[in-house]
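Understanding the architecture of this molecule
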Amino acid sequence: MTRRIIAGGTVVTPDAAMLADVTIEDGRIAAVVPGAARHGADAIDATGLLVIPGVIDAHTHLRLEDDEHPRRFHQDTLAAARGGTTTVLTFNNPGTGISDDGSRSLLRGLKEFRARTEGRSAIDYGLCAVLSGDQDDPLAELPALIAAGVPTFKAFMVYDFRLGDEQLEGAMRIASQHGGMLQVHCEDPQIIEPLVAEALAAGQHASRHHASTRPPRAEAAATRKAIEMARRVNAPLYIVHLSCEEALDAVAEAKSRGEPVYAETCPHYLTLTEALYADPDESEVIKRVISPPLRSPSDVEALWGGLRDGILDVVGSDHVPDRIDTEKSLPAPPFSQISNGAPGIETLLGILYSVGVASRRIGIRRLVEVLAANPARLFGLAGKGRIEAGKDADLVLWDPDARRTLTQTALHHTSDFTPYEGLEVRGEAIQVLVRGREVGDAPGRFLERRF
Ligand SMILES: [Zn+2]
């Protein structure tokens, strides 16, 4: 039996932050007590450090490896670990699960994902399947997928691969009946598509029009519609990457009615604003072409309020490993053709700690709730997310006093830019353990998740 002690740090849980030693036995937390006996144990001195649960990043779009990119899945999970993330949930790429005859199966997609990622992740990881309108019969496979350890799925209300309303409501109902949950991208195409067409017809091709054609009301309208559907079929609902106050209000109302509606926001919506779209340099603007787009300063403040009040449950990175030199190619195409997404897998904890905790917008106990305890609870990871006896020893030793500047050159992700270039931040991960071991000592495990 291997025994380790993290000694003398400030251990943070959603309920308390206290000086205590964390004893680890065979990869699990055995005890959290002050003055643990040290004989025979490998002791790590955490004096002056925070000991926080490893972050569970519930929203990423990792890409599978191929001959051209033989290490990218591994490299992004290693980057996640450097930033303090010990579990990552990722969506499978559109295009997986296609058989030779062209049929598209979710179960086949899962099998392919597991085969191609086996032994390739530096941290523990799980899959959230993407349901799309071009699959053969996505609803029929949901019960089997849930039974195979994939109980959460993402569906889109916008884009050409969206689910129709009837299918979306059906997916919510079936997921709920079998112990699963839909994660929904809420933007209303009936508002967005005419705005995009109008802008293009008027010759407004610049990247900044990506934002002006996706207004907050498009997100709020779709959010309300998804909430209404979930209520009709009595299903839980998880709203991904909520970005604005109008959509936040819809979630607050649903929660006040006691409905199981959960919402996630992302570090960029808590940090950056639409002012960045005014940059005359297209190469800067395309870095922020994401959906939903960045919003106003008052939306940013509203989101911090929602995080404090419990209207927002989770902060996830929405990491997309896009690169300027490939996916987002310059010169920029018309805004409607620019790849949506930006990297964030390595900076999730760093941003939330610095802009949230060090800047006194949220407390450290709330941080561990929205980055670890809540994603564990909402995504069927009962063995993770808290520093307490019996849980996996996924731990971050965090120096709250460190000061550093976020720059692309200092990061390890596969993208060739960071949306936070030049941002001065407080705090840094000193050591990260996955099930009690240093990252890199053993590959992460695929997590079959259950509620
Ligand atoms: Zn996403």
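Details of the structure are given in the entry above.
We now turn to the structure provided with this report. (Residues numbered from 1 in each chain as written. Predicted model: local features only at pLDDT ≥ 70, side-chain atom pairs only at ≥ 80, totals over all residues. Heavy atoms only, no water.)

1. Looking at the nonpolar core
By size, the foremost hydrophobic cluster in this structure holds 107 residues, and its most contacted members are Met172, Leu182, Leu352 and Leu367. Here the element with the most residues in this core is helix H11 (residues 348-358); it accounts for 7 residues. The residues contacting Met172, other than those within four sequence positions of it, are Leu182, Val184, Ala226, Met229, Ala230, Val233, Ala235 and Leu237. (Core = buried A, V, L, I, M, F, W, Y, C linked by side-chain atoms within 4.5 Å. Buried < 20%, exposed > 50% of the residue type's maximum accessible area, 1.4 Å probe, protein only. Helix = DSSP H or I, 4+ residues; strand = E, 2+ residues; numbered from the N terminus. Contact = heavy atoms within 4.5 Å.)

2. Thoughts on the pattern of salt bridges
Under the counting rule described, the total for this entry stands at 33 salt bridges. Arg4 is the salt-bridge partner of Asp42, the closest N and O atoms lying 2.8 Å from each other. You can see Asp42 sitting in strand E4 (residues 42-45) and its partner Arg4 sitting in strand E1 (residues 3-12), a full 38 residues away along the chain. The buried category is assigned to Arg4, whose relative accessible area is 14%. Measuring nitrogen to oxygen at the nearest pair gives 2.6 Å for the salt bridge that ties Glu65 to Arg120. (Salt bridge = Lys/Arg side-chain N within 4 Å of Asp/Glu carboxyl O.)

3. Here's the deal with the coordination of the zinc ion
The coordination sphere of the zinc ion contains the protein donors His59 (NE2), His61 (NE2) and Asp318 (OD), at a distance range of 2.0 to 2.1 Å. Linear spacing of the donor residues for the zinc ion on their chain is H-x1-H-x256-D. With His59 in strand E6 (residues 55-60) and Asp318 in the loop between strand E13 (314-315) and H11, the pair connects residues that are 259 residues apart, well separated along the chain. Like His59, the residue Asp318 is buried in the burial classification. (Donors = N, O, S within 2.8 Å, 3.2 Å for Na, K, Ca; no water.)

4. Some remarks on the pairing of strand E7 (residues 85-91)
For a regular strand, side chains alternate in direction, first toward one face of the sheet and then toward the other. Among the 7 residues that make up E7, 7 are buried, leaving the element largely enclosed by the rest of the structure. What joins E6 to E7 is helix H1 (residues 72-83), and the crossover it makes is right-handed. Across 5 bridges, the pairing between E7 and strand E8 (residues 124-131) is parallel. Its bridge partner being in E8, Val88 is matched across the sheet by Tyr125. (Right-handed = clockwise from strand over helix to strand, strands pointing away. Pairing = 2+ DSSP bridges.)

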